[in-house]
Amino acid sequence: MQDDPKTLVSTDWLAAHLKDPDLRVLDASWYLPQQGRDAKAEYDAAHIPGARFFDIDEISDNRSDLPHMVPPVEKFMSKLRAMGVGDGHQVVVYDGAGLFSAARVWWLFRLMGQTNVAVLDGGFPKWQAEGHPVEDLPPVIRDRHMTVRVQNHMVRDVTQVSAAAKLGDHEIIDARSAERYRGDAPEPREGLRAGHIPGSRNVPFGQVLKADGTMKDADGIRAAFEAAGVDLSKPAITSCGSGVTAAILSLALERIGKTDHSLYDGSWVEWGAFPTLPVATGEN
């Protein structure tokens, strides 16, 4: 695995850099209710030394009815400053599932114009399995200002996605399971229609990961997209249930050098709730 402090780093890389003065590690664990896990309690019990807890639901736009939407710039800046994360820091984000929710926070930092941020490949499970140190102490926080320059091209709203679906000028890539994409399985959130955005392609996020939860190499990632019929020459919009696992596909696209990608923040929890938006079922 090629270490890249702007996308993905290995546990060996993190172990070698853990004591760097400008390194900041974030635990961005987040779970669906049916998983029955308490991310904050797990962080309090054990985390990578010096790690801060990044609460995806809290650092979001609480004015929206949709879950964990992109927070207002001022809120992002103040929350990160309170965590002692700011300009000049190299950030490494991990989660307790391996590679699940950390990519959402990587994408959020990129959206805010912060590029020195990487996901820990294999996450906390790999870190622990290899016998690296953990602690249960709160980190020592020192304020650091963060400069934000929002990269608006990295996020899409429902109107933009609807236009892209009609025009066919983007590849809309859905990270949900094949059963949910086809409309064969009910949505985990009540009140949502089953199916997918017409014209979208299905690359369940697990397709870009290896069996051990680490990300595939560039050839493996490319093969996963191509097997789903994705035209990598078109700009991409990633989508999923609520904008979390879509970011895994965004990270995978970045790993193969594809930079013209954006994420549909509302994802299926928004599209599936709008009775006026078209829904497709079956394979395409």
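Residues numbered from 1 in each chain as written. Predicted model: local features only at pLDDT ≥ 70, side-chain atom pairs only at ≥ 80, totals over all residues. Heavy atoms only, no water.

## Let's talk about unusual backbone geometry
Phase 1 of the analysis: Unlike most non-glycine residues, H68 shows phi in positive territory, near 35°.
Phase 2 of the analysis: Along the polypeptide, H68 turns up in the loop between strand 3 (52-53) and helix 3 (73-82).
Phase 3 of the analysis: Even without a glycine there, the phi angle at S267 is positive, about 45°.
Phase 4 of the analysis: Locating S267 in the fold gives a position in helix 10 (residues 267-271).
Phase 5 of the analysis: The buried category is assigned to S267, whose relative accessible area is 0%. (Helix = DSSP H or I, 4+ residues; strand = E, 2+ residues; numbered from the N terminus. Buried < 20%, exposed > 50% of the residue type's maximum accessible area, 1.4 Å probe, protein only.)

## Quick word on the pairing of strand 10 (residues 261-264)
A regular strand places its side chains on the two faces of the sheet in alternate fashion.
Phase 1 of the analysis: Residues H261 and L263 line one face of strand 10 and the alternating positions S262 and Y264 line the opposite face, and both faces are buried.
Phase 2 of the analysis: Pairing of strand 6 (residues 155-156) with strand 10 involves two bridges; the strand directions are parallel. Bridging across to strand 10, V155 finds its partner in L263.
Phase 3 of the analysis: Examined bridge by bridge, strand 9 (residues 236-239) and strand 10 share three bridges and lie parallel to one another. (Pairing = 2+ DSSP bridges.)

## Digging into the pairing of strand 4 (residues 90-94)
Phase 1 of the analysis: In terms of burial, strand 4 is a largely internal element, five of the five residues being buried.
Phase 2 of the analysis: Where burial is concerned, the two faces of strand 4 agree: the one with Q90, V92 and Y94 and the one with V91 and V93 are both buried.
Phase 3 of the analysis: Pairing of strand 2 (residues 23-27) with strand 4 involves five bridges; the strand directions are parallel. Opposite V25, over in strand 4, you have V92 as the bridge partner.
Phase 4 of the analysis: Note that strand 4 and strand 5 (residues 117-120) share three bridges and pair parallel. Across the sheet, the residue bridging to V93 is V119, located in strand 5.
Phase 5 of the analysis: This β-α-β element, strand 4 to helix 4 (residues 102-111) to strand 5, shows right-handed connectivity. (Right-handed = clockwise from strand over helix to strand, strands pointing away.)

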